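Chain residues, written in single-letter form:
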Amino acid sequence: MFRWYAIHTYSGHEDKVRRNLEQRRRTQTGGDSVRRIVVPTEQTVETREGKKVEKETRVMPGYVLVQMDATPEAISLVRNTPGVTGLDRKSTRLNSSHT
């Protein structure tokens, strides 16, 4: 059953971990068990020098969300990805606004 899990990363390395995990998912055993990889962000509008500027900010710095079937191969694939410092084994409940 595919559920969402939170992966702990170094703050600022979320995109790098997402890219590494996407690559490993395509090339290694257990990749079929990983469905989606998301860095939670939101669009915000800031005013700089009198102009409105859209900016993408991280909602959960230091975390990447992964939708996967928690098979032993998938867990090993995620845990051994460079930049991953931990995996929250409890599934995370998300509504559609987070993804």
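For the structure given in this document, a descriptive report is provided here.

Rules used throughout
Every chain begins its residue count from 1, and numbering advances along the sequence as written. With pLDDT at 70 or above as the cut-off, local features in this predicted model cover only qualifying residues; side-chain atom pairs require 80 or more to be listed or tallied, and sums for whole chains, interfaces and linings still use all residues. Side-chain measures here rest on the full set of heavy atoms in the structure, leaving out hydrogens and waters. Between rings of Phe, Tyr and Trp, where Trp is taken as its six-membered ring, a pair exists when centres lie within 6.5 Å; planes separated by under 30 degrees are stacked, by over 60 edge-to-face, and by other angles tilted. Both a distance and an angle decide whether a charge sits over a ring: NZ of Lys or CZ of Arg must be within 6 Å of the ring centre and within 35 degrees of the ring normal. Here's how the labels work: a residue is buried when its accessible area is under 20% of the maximum for its type, exposed when over 50%, partly exposed in between, all with a 1.4 Å probe on protein chains only. Helix and strand assignments come from DSSP, with helices taken as H or I runs of at least 4 residues and strands as E runs of at least 2, each series counted from the N terminus. Summarising the geometry, the arc corresponds to the directions from the helix axis toward the C-beta atoms. Here, two residues are considered to be in contact whenever any of their heavy atoms come within 4.5 Å of each other. Put simply, buried Ala, Val, Leu, Ile, Met, Phe, Trp, Tyr and Cys residues joined by side-chain atoms within 4.5 Å make one nonpolar core. Here an axis means a line fitted to C-alpha atoms, over the contact stretch when the element is a helix, while the angle between two N-to-C directions is reported on a 0 to 180 degree scale. The labels follow the angle: roughly parallel below 35 degrees, roughly antiparallel above 145, roughly perpendicular from 65 to 115, and oblique for the rest. In this scheme the crossing of two helices becomes right-handed for a clockwise turn of the near helix relative to the far one and left-handed for an anticlockwise turn of less than a right angle. Each residue is assigned to one class: nonpolar for Ala, Val, Leu, Ile, Met, Phe, Trp, Tyr, Cys and Pro, charged for Asp, Glu, Lys and Arg, and polar for all the others, Gly among them. Any Lys or Arg side-chain nitrogen found within 4 Å of a carboxyl oxygen on Asp or Glu counts as a salt bridge. Given the number of residues in a helix, its expected span is that number minus one, multiplied by 1.5 Å.

1. Looking at the packing of aromatic side chains
Any aromatic ring pair is given by two values, namely how distant the centres are and how the planes are angled relative to each other.
Okay, step 1: Counting across every chain of the model gives 0 aromatic pairs.
Okay, step 2: Cation over ring: Arg35 sits above Phe2, and NZ or CZ is 3.8 Å from the ring centre.

2. Things to note about helix α2 (residues 72–79)
Okay, step 1: Listing the buried residues of α2 in full gives Ala74, Ile75, Leu77 and Val78. Down the axis, α2 shows its buried residues gathered within 160 degrees of arc, on one side only.
Okay, step 2: In this structure, the buried side of α2 is in contact with β1 (2–9), α1 (14–27), β2 (34–38), β5 (63–69) and β6 (84–87).

3. Thoughts on the nonpolar core
Okay, step 1: Ranked by internal contacts, the top residues of the largest apolar core, which has 16 residues, are Ile7, Leu21, Val66, Met68 and Leu87.
Okay, step 2: Elements that contribute at least two residues to this core include exactly β1, α1, β2, β5, α2 and β6.
Okay, step 3: At 4 residues, the largest contribution of residues to this core is made by α2.
Okay, step 4: Residues contacting Ile7, with those up to four places away along its chain left out, are Leu21, Gly62, Tyr63, Val64, Val66, Val78, Val84, Gly86 and Leu87.

4. Details of the environment of Arg48
Okay, step 1: Relative to the helices and strands, Arg48 resides in strand β3 (residues 41–48).
Okay, step 2: Those residues in contact with Arg48 that sit more than four places away from it in its chain are Val53 and Lys55.

5. A short note on the packing of α1 against α2
Okay, step 1: At a closest axis distance of 10 Å, the pairing of α1 and α2 adopts a crossing angle of 140 degrees. In terms of orientation, α1 and α2 fall into the oblique class. Between α1 and α2 the crossing geometry is right-handed. Contacts between α1 and α2 involve Leu21, Arg24 and Arg25 on the former and, on the latter, Ser76, Leu77 and Val78.
Okay, step 2: For the contact of α1 with α2, the per-class residue count stands at 3 nonpolar, 1 polar and 2 charged.

6. A look at the pattern of salt bridges
Okay, step 1: For the structure shown, the criterion picks out 5 salt bridges.
Okay, step 2: Between Arg25 and Glu22 there is a salt bridge, with its nearest N and O atoms 3.2 Å apart. Of this pair, Arg25 and Glu22 both sit in helix α1, 3 residues apart, roughly one helical turn.
Okay, step 3: Classification of Glu22 by relative accessible area gives buried; the value is 18%.
Okay, step 4: Here Arg48 and Glu46 are joined by a salt bridge, their closest N and O atoms 3.2 Å apart.
Okay, step 5: We classify Glu46 as partly exposed; its relative accessible area is 26%.

7. Some details on α1
Okay, step 1: For α1, spanning 14 residues, the distance from its first C-alpha to its last is 20 Å, which sits close to the expected 20 Å at 1.5 Å a residue.
Okay, step 2: Considered for burial, the residues of α1 that qualify are Glu14, Val17, Leu21, Glu22 and Arg24.
Okay, step 3: Of the surrounding elements, those touching the buried residues of α1 are β1, β2, β4 (51–58), β5, α2 and β6.

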